[in-house]
Amino acid sequence: MKRGVYTEERAEDFLRKYVPVAQHVLVDSLEDAEKAAKKLGFPLVLKIISPQALHKSDVKGVRFAKNTEELIAEYGALIALAREKKFFLEGILIQEFIEGSYVLIGLKKDAVFGHVLVFGIGGIYTELLKDVSFRVCPITEKDAEEMMNELKMKELLWGYRGSAPVNLKLLKKTMVTVSRIPLEHKDIEEMDINPFVINDKNGFVVDARIVV
């Protein structure tokens, strides 16, 4: 792997051969955004892709569109935002909307233990909640289950207030697969899949970042 920070599109293209990734198209024009919408179908997520906007939610760089009118408005708003902030813009990512629970699955390279898998509650509250569990890579499915049980908010996975439990089998398999990536790519310093969105049927990487 080449050294550097992999922004979302590049990181997700790398991850695609290991785990399920939400369908997306990187575009640089409204015309291409409309073509992507026809291919993917509504609702859609629009995201700024820039090395200066790795935490897209912090700069309001993530928008939602339920129809063509909203797509046009939100695309224009993101382009205006990039100009205002003077971001180097790689493009706007048009992504299918996935419904489900948000989890974090990550890798950190530790000086003592080597690569460590991080698992926790994901989305915009990750840093606030700090509800995470760690294991030295690679892990087993038993380790994955233990990591889930260590979370304070694990009920979100089992099914909360009438919601269906997430596909635990798929989630465990995904965690094990990610934990084995460093066996092939020892040069990865950090990897953040946040969120991996999972529901009772399937799960997909919705945002990712890799540091090599």
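In case you missed it, the structure is sitting above this.
Computed from a predicted model, the values in this text were never measured in an experiment. (Residues numbered from 1 in each chain as written. Predicted model: local features only at pLDDT ≥ 70, side-chain atom pairs only at ≥ 80, totals over all residues. Heavy atoms only, no water.)

Novice: Whenever I open this one, the pattern of salt bridges confuses me. Can you help?
Specialist: Oppositely charged side chains can form a pair if their charged atoms are brought close together. What the rule picks out here adds up to 16 salt bridges. The shortest N-O distance in the salt bridge between Arg 135 and Glu 150 comes to 2.6 Å. With Arg 135 in strand β8 (residues 132-136) and Glu 150 in the loop between α5 (141-149) and α6 (155-158), this residue pair connects regions lying 15 residues apart in the sequence. You can call Arg 135 buried: its relative accessible area is 18%. On the accessibility criterion, Glu 150 (43% relative accessible area) is partly exposed. The closest approach of N and O atoms between Lys 172 and Glu 145, which form a salt bridge, is 3.2 Å. In this pair, Lys 172 is assigned in helix α7 (residues 168-184) and Glu 145 in helix α5, connecting sequence segments 27 residues apart. Where salt bridges share partners, they join Glu 8, Lys 47, Lys 56 and Asp 207 into one cluster. (Salt bridge = Lys/Arg side-chain N within 4 Å of Asp/Glu carboxyl O. Helix = DSSP H or I, 4+ residues; strand = E, 2+ residues; numbered from the N terminus. Buried < 20%, exposed > 50% of the residue type's maximum accessible area, 1.4 Å probe, protein only.)

Novice: What is the right way to look at the pairing of strand β9 (residues 190-198) in this model?
Specialist: Strand residues, when the strand is regular, have side chains that alternate between the two faces of the sheet. The buried fraction of β9 is high, at seven of nine residues. Examined bridge by bridge, strand β6 (residues 101-110) and β9 share seven bridges and lie antiparallel to one another. Across the sheet, Tyr 102 pairs through a bridge with Val 197, a residue of β9. Here β9 pairs with strand β11 (residues 208-211) via four bridges, running antiparallel. If you follow Asp 192 over to β11, its bridge partner there is Arg 209. (Pairing = 2+ DSSP bridges.)

Novice: Even after reading the chapter, I still don't get the environment of Ala 82, so can you show me in this structure?
Specialist: Its place among the elements puts Ala 82 in helix α3 (residues 68-85). We classify Ala 82 as buried; its relative accessible area is 4%. When the C-alpha positions of Ala 82 and Ser 101 are compared, they lie 29 Å apart, and in sequence the two are 19 residues distant. Apart from the residues within four sequence positions on either side, Ala 82 is in contact with Ile 48, Phe 87 and Leu 89. (Contact = heavy atoms within 4.5 Å.)

Novice: Is there a simple way to think about the packing of helix α2 (residues 30-40) against α3 in this case?
Specialist: The geometry of α2 relative to α3 is characterised by a closest axis approach of 11 Å and an angle of 140° between their N-to-C directions. Every pair of crossing elements has a handedness; the one defined by α2 and α3 is right-handed. On α3, the residues that touch Leu 30, Ala 33, Glu 34 and Ala 37 of α2 are Thr 68, Leu 71, Ile 72 and Tyr 75. When its residues are assigned to classes, the contact of α2 with α3 shows six nonpolar, one polar and one charged. (Axes fitted to C-alpha atoms, helices over the stretch in contact; angles between N-to-C directions. Left-handed = near helix turned anticlockwise from the far one by under 90°. Nonpolar A, V, L, I, M, F, W, Y, C, P; charged D, E, K, R; others polar.)

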